[in-house]
Each structure stands twice: as structure tokens, then as C-alpha cells.
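Observations on chain architecture
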Amino acid sequence: MESIFEDAFLKALKKHASIQKLVKKKVDLILENPIAFGEPLKANWQGFYSCPVKRSFIIIYLYCEACRKKGDDTVVLCCDCAETPNRTVKFVLLGPHYDAYGI
Ligand SMILES: [Zn+2]
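Residues numbered from 1 in each chain as written. Predicted model: local features only at pLDDT ≥ 70, side-chain atom pairs only at ≥ 80, totals over all residues. Heavy atoms only, no water.

On to the overall build of the protein, then. Helix and strand counts for the protein stand at 4 helices and 5 strands. The secondary structure elements of the protein, listed N-terminal to C-terminal, are β-α-α-β-β-β-α-β-α. The burial tally for the protein puts 41% of its 103 residues in the buried class. A separation of at least 24 residues holds for 59% of the contacts in the protein among residues at least 6 apart in sequence. Surface accessibility of the protein: about 6300 Å² in total, with carbon and sulfur atoms responsible for 53%. (Helix = DSSP H or I, 4+ residues; strand = E, 2+ residues; numbered from the N terminus. Buried < 20%, exposed > 50% of the residue type's maximum accessible area, 1.4 Å probe, protein only. Contact = heavy atoms within 4.5 Å. Areas by Shrake-Rupley, 256 points an atom, 1.4 Å probe, with all protein chains shown as cover.)

Have a look at this one:
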């Protein structure tokens, strides 16, 4: 499995240093099976998956195989999807629920 970490994700990881270990554990789980450990998001976040780190704190990611299967690639903002292998997980955001959703 390939993994890509977006800048926003890495920045958030630095900011929330106290949960770095927890996040790394979750990242490992997601890389093992992105579909099983994720919850598909809807509306503005269609095509994205979320995985809770702890209460109200989530990781948002994309799984390129899933992007393509659903034909979501026209909807999903997976910018370099065409260049990534199918088995790529892109970690997009990390944050409290409201923060990650931009609310
Ligand atoms: Zn993709």
C-alpha cells in the first residue's frame, strides 16, 4: 500500500502532538484495510473516508481504488488520482470533527 500525506494533515499532526501515537496506530490500520476502518463521507466530502482517532477527532483520507470504482473521480477532489497506483491512501486532514469539516 502506498501512502501520501498532505501538508494539512502533517501540520495538524504537529499541532496535536499529544495524540501522535494514536494517529500513527490508526494510520497503520487504515493502510492495512482502508475500506474496513473507514466511514464513507457524503455531500461535500463524497468519496472521502473518515476514521475516528478518539471522540470527535477524525482522520480524513482518500483511497484511490475506491475513488475510481465508484466513478467518483469526477466528484472527488483527488487531484493527482490519475498518477497514483490503485492501492494508494492519501491522508488529507486530521482534526476535531467540526474543524475537519470546515464548520
Ligand atoms: Zn484518488
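Now, onward.
This next bit is on the coordination of the zinc ion. Coordination of the zinc ion by the protein involves C64 (SG), C67 (SG), C78 (SG) and C81 (SG), with metal-donor separations of 2.2 to 2.6 Å. Geometry at the zinc ion is tetrahedral, judged from its 4 donor atoms and the angles of 105 to 122 degrees they form at the metal. (Donors = N, O, S within 2.8 Å, 3.2 Å for Na, K, Ca; no water. Tetrahedral: all angles 85-135°; square planar, octahedral: opposite > 155°, others 65-115°.)

Before going further, it helps to examine the packing of aromatic side chains. Following the criterion strictly, the structure yields 6 aromatic pairs and no others. The interplanar angle of 10 degrees and the centroid separation of 4.9 Å between the aromatic rings of F5 and F91 together place this pair among those described as stacked. Residue F5 is located in strand 1 (residues 2-5), and its partner F91 is located in strand 5 (residues 88-96); the two are separated by 86 residues in the primary sequence. A residue is classified by how much of its surface remains accessible, and F91, at 0% relative accessible area, is buried. Members of the aromatic cluster, each reached through a chain of ring pairs, are F5, F9, Y49, Y61 and F91. (Phe/Tyr/Trp six-rings, centres within 6.5 Å; stacked < 30°, edge-to-face > 60°.)

What follows covers the sheet that holds strand 3 (residues 49-54). Reading across from one edge, 1-5-4-3-2 is the order of the 5 strands in this open sheet, with mixed pairing throughout. Unpaired on one side and paired on the other, strand 1 and strand 2 (39-40) mark the two borders of the sheet. Pairing of strand 2 with strand 3, which is carried by 2 bridges, proceeds in the antiparallel orientation. Bridge pairing in strand 3 places E39 opposite S50. Taken strand by strand, helix 1 (residues 7-15) contacts strand 1, strand 4 (57-63) and strand 5, and its axis lies near 45 degrees from that of strand 5. (Pairing = 2+ DSSP bridges. Axes fitted to C-alpha atoms, helices over the stretch in contact; angles between N-to-C directions.)

Its 13 residues give helix 2 (residues 20-32) an end-to-end C-alpha distance of 19 Å, which sits within 8% of 18 Å, the value for a rise of 1.5 Å per residue. Among all positions in helix 2, only V23, V27 and I30 are buried. The buried residues of helix 2 occupy an angular sector of 65 degrees when projected down its axis, which confines them to one face. Turned more than 90 degrees from where helix 2 packs its buried face, K21, K25 and E32 sit exposed. Looking at the buried residues of helix 2, the elements they touch are strand 1, helix 1, strand 3, strand 4 and strand 5. (Expected span 1.5 Å × (residues − 1). Arc of directions from axis to C-beta.)

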